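Descriptive analysis of the structure
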Amino acid sequence: MSGQDYTPEDALKLFMAKLRVKDSELAIEIQSAIDQGKDIQQTEPAKGRKKAREYRKTVPFSRQEALQVAINALNAYFVEQPLFRNSCQDNIAQAVVGKPRRQRYTWEREISFAADMESQGKEKAIEIELVTETQLPSDTTAVQLHQETWKIERVTTEGIQEQQRNLARVRELMRFEDQ
Amino acid sequence: MATLADLENAIDVLLNHPLGAGQYQLVRRVEEKAYEAYIFGLCLRAVRELGVVPILRGISAAPVPFIFRGGPGQIHSDRRNYGYAEFSINGQDFEIHAGVEFKGSSGMTHELDICIMRQAAADQCREDPDDPPSSSLVAGWECKFYDKRLDKVLGRAFLGLVADMGNNLRISGFCSNLENAQLSRYFRLKGRPHPHFLLSPLDPSNENIFVNQIKGALKKLTEA
């Protein structure tokens with residue numbers, strides 16, 4: 001180790017402890033990403049008449065690799081998820097809002113094609129259903145949530161860039177030259 | 001030399017940011033659906049790049065707000081004012097849906113995370129409530145937001161679904177923000193869904209590949 005006065009093990013312990021305090025569910029999620037391990041190609045040397053051969057083996061991550069896996073997982077939540085929301089907002093904004101298209105009567109066909117052309121380019125309200133149509137009202141999820149849908153709200157580019165820098169900083173502090 | 005205190009401080013800044021642990025608490029219940037909403041948006045972009053403005057609809061009223069299903073559902077369901085999009089190219093009418101169930105060739109129903117289908121069949125199923133037939137399906141995608149290694153069983157399941165969707169399906173794909181080398185090899189075999197790995201705003205070139213594939217398929221389909 002050259003640039004840090006702590007080991008990869010110290011860093012992983014501290015990181016997971018901080019995560020557990022902040023959000024235990026997130027800590028469990030990150031731990032499960034780490035515990036998946038990785039595939040490597042193992043070589044079995046030639047033995048007598050048996051030729052050397054390669055085979056796949058799943059092994060645990062090293063402490064240093066585990067740190068990078070944890071950072072990648074956080075990147076998915078802290079950076080990618082906000083980007084998905086913004087991209088969805090951008091593309092839906094470029095569509096126009098139309099009237100319902102259910103056609104019970106023939107004369108409704110005409111009306112159904114109507115759309116508000118001025119809505120193109122304007123931000124739209126977008127929501128994701130939290131309580132699905134098959135869930136019973138007494139379902140614990142619904143009770144816990146106190147809301148039936150979740151609004152997809154735009155996130156500032158500055159906020160995302162800040163988190164990208166923060167992730168890069170932690171990643172850098174968790175990069176060790178040797179172990 | 002960096003100290004443990006430096007690391008502790010950097011982790012605190014990261015987790016305490018408005019897009020930190022609090023953000024996770026917000027998104028964990030909808031992370032998969034938010035990814036589907038993103039892919040739905042890319043389909044709208046593909047249509048727009050063909051020179052057509054897609055129209056947003058709701059099942060029972062104007063789509064304000066535009067609501068994505070939280071789970072697999074039926075195209076005719078009006079429990080909420082679920083949203084979808086419609087567009088026409090060269091006189092052929094299509095719709096884009098999220099989380100709608102189809103009747104496979106075998107009769108078994110399957111949910112497609114995102115799909116493009118023929119509008120006539122969608123109208124029919126809204127008028128006389130039913131699941132749309134697989135023959136009405138033009139394109140379908142499985143969308144997986146993951147923070148860790150993708151499970152291989154997801155790929156096998158989607159391949160089985162596509163096999164039950166008949167011959168009218170022009171494009172199918174498996175989309176994820178992550179990659180999996182084994183799944184990538186699995187999908188590269190002829191006739192299998194396209195692997196769209198690392199499909200995320202962090203990699204615009206992968207977004208372009210996805211969008212161009214839709215444009216190409218729709219052009220070819222509507223030229224005939």
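Please read these numbers as outputs of a predicted model, since none were measured by experiment.

A look at the overall build of chain B
A count of helices and strands for chain B gives 7 helices and 8 strands. Overall size of chain B, expressed as C-alpha extent along the three principal axes, is 65 × 45 × 35 Å. Taken across its 224 residues, chain B has 60% of its residues classed as buried. Of the contacts formed within chain B by residues at least 6 apart in sequence, a portion of 62% connects residues at least 24 apart. Summed over its atoms, the accessible surface of chain B is roughly 8600 Å², and 49% of this surface lies on carbon and sulfur atoms. Where the 25 positive side-chain charges of chain B centre and where its 27 negative ones centre are 5 Å apart.

Topic: the layout of surface pockets
Taken as a whole, the largest pocket spans an internal volume of roughly 690 Å³. What lines the largest pocket is a set of 29 residues, and nearest its centre among them are B:K148, B:R149, B:L150, B:L178 and B:E179. Of the residues forming the lining of the largest pocket, the biggest block, 5 residues, is contributed by helix 3 (residues 63-93) of chain A. For the lining of the largest pocket, the class distribution of residues is 9 nonpolar, 9 polar and 11 charged.

With respect to the interface of chain B and chain A
With 84 residues of chain B in contact, the opposing surface of chain A contributes 85 residues. Summed over both partners, the interface of chain B with chain A comes to about 7300 Å²; 59% of that surface belongs to carbon and sulfur atoms. Its largest share of buried area at the contact with chain A, chain B owes to B:L14, B:L19 and B:Y24, together 9% of the area lost on that side. Where chain B meets chain A, there are 5 salt bridges. In this structure, the salt-bridge partner of A:E148 is B:R80, at a minimum N-O distance of 2.9 Å. There are 30 residue pairs in polar contact (both at pLDDT 80 or more) connecting chain B and chain A. Elements represented by at least two residues in the side of chain B that touches chain A include exactly helix 1 (4-16), helix 2 (21-27), helix 3 (31-49), strand 1 (55-58), strand 2 (66-68), strand 3 (83-89) and helix 4 (119-127) of chain B. In terms of residue count, helix 3 of chain B provides more of the side of chain B that touches chain A than any other element does, 12 residues in total.

Comments concerning the sheet that holds strand 5 (residues 126-129) of chain A
Pairing within the open sheet is mixed, and its 3 strands lie in the order 6(A)-5(A)-2(B). Either end of the sheet is taken by a strand with one partner, and the two such strands are strand 6 (149-151) of chain A together with strand 2 of chain B. Looking at each pair of strands side by side, their axes are set apart by 30° on average, direction ignored.

Quick look at the sheet that holds strand 4 (residues 92-103) of chain B
Ordered in space as 4(A)-3(A)-1(B)-3(B)-4(B)-5(B)-6(B)-7(B)-8(B), the 9 strands form an open sheet in which the pairing is mixed. The sheet is open, and its two borders are formed by strand 4 (115-116) of chain A together with strand 8 (194-196) of chain B, each paired with just one other strand. In terms of strand pairing, strand 7 (residues 171-176) of chain B meets strand 8 of chain B through 3 bridges, oriented parallel. Bridging from a neighbouring strand, B:C175 pairs with B:H196 of strand 8 of chain B.

A look at the packing of helix 3 of chain A against helix 6 (residues 157-173) of chain A
Residue and element names in this part refer to chain A. Between helix 3 and helix 6, whose axes approach to 10 Å, the crossing angle comes to 175°. Of the possible angle classes, the one that applies to helix 3 and helix 6 is roughly antiparallel. Residues Q68, I71, N72, L74, N75, F78, V79, P82, L83 and N86 of helix 3 form the contact with helix 6, whose participating residues are I160, Q163, Q164, L167, V170 and R171.

Side note on unusual backbone geometry
All names here are of chain B. Of the consecutive residues V64 and P65, the connecting peptide bond is found in the cis state with omega at 0°. With a phi close to 45°, N90 is a non-glycine residue in the positive phi region. With respect to the element layout, N90 can be found in the loop between strand 3 and strand 4. On the basis of relative accessible area, N90 is assigned to the exposed category, the value being 61%. Located in the positive-phi region is L198, a residue other than glycine, with phi close to 55°. Note that L198 resides in the loop between strand 8 and helix 7 (204-223). We classify L198 as partly exposed; its relative accessible area is 33%.

Details of the environment of B:A61
Topologically, B:A61 is positioned in the loop between strand 1 and strand 2. Distance from B:A61 to B:R80, taken between C-alpha atoms, is 9.8 Å for residues 19 residues apart in sequence.

Here's the deal with the pairing of strand 5 of chain A
Residues of strand 5 of chain A alternate between two faces, with A:I126 and A:I128 on one and A:E127 and A:E129 on the opposite face, all of them buried. Bridge count between strand 5 of chain A and strand 2 of chain B: 3 bridges; the pairing is parallel. Among the inter-strand pairings, A:I128 is bridged to a residue of strand 2 of chain B, identified as B:F68. Of the strand pairs in this sheet, strand 5 of chain A and strand 6 of chain A are connected by 3 bridges, and their pairing is antiparallel. Paired with A:E129 across the bridge in strand 6 of chain A is A:T149.

Topic: the side chain of B:R80
Looking at where B:R80 falls in the secondary structure, it is placed in the loop between strand 2 and strand 3. Residue class for B:R80 comes out buried when judged on its relative accessible area of 12%. Of the polar contacts made by the side chain of B:R80, one reaches the side chain of A:E129; its length is 2.8 Å. Polar contacts involving the side chain of B:R80 include one to the side chain of A:E148, which spans 2.9 Å. Leaving out residues up to four positions away in the same chain, B:R80 has contacts with A:E129, A:V131, A:E148, A:T149, B:I59 and B:I67.

Basis of the calculations
Residues numbered from 1 in each chain as written. Chains lettered and ligands numbered in written order. Predicted model: local features only at pLDDT ≥ 70, side-chain atom pairs only at ≥ 80, totals over all residues. Heavy atoms only, no water. Helix = DSSP H or I, 4+ residues; strand = E, 2+ residues; numbered from the N terminus. Buried < 20%, exposed > 50% of the residue type's maximum accessible area, 1.4 Å probe, protein only. Contact = heavy atoms within 4.5 Å. Areas by Shrake-Rupley, 256 points an atom, 1.4 Å probe, with all protein chains shown as cover. Lys, Arg positive; Asp, Glu negative; His and termini not counted. Charge placed at Lys NZ, Arg CZ, Asp CG, Glu CD. 1 Å grid on protein atoms, 1.4 Å probe; cavity = no way out; pocket = protein on both sides within 12 Å on 5 of 7 lines; lining within 4 Å. Points joined across faces, edges and corners; volume = space filled by probe spheres on them. Nonpolar A, V, L, I, M, F, W, Y, C, P; charged D, E, K, R; others polar. Buried area = accessible area lost by both parts, 1.4 Å probe. Salt bridge = Lys/Arg side-chain N within 4 Å of Asp/Glu carboxyl O. Polar contact = N/O pair within 3.5 Å; in protein donor to acceptor, adjacent residues only side chain to side chain. Pairing = 2+ DSSP bridges. Axes fitted to C-alpha atoms, helices over the stretch in contact; angles between N-to-C directions. Parallel < 35°, antiparallel > 145°, perpendicular 65-115°, else oblique.

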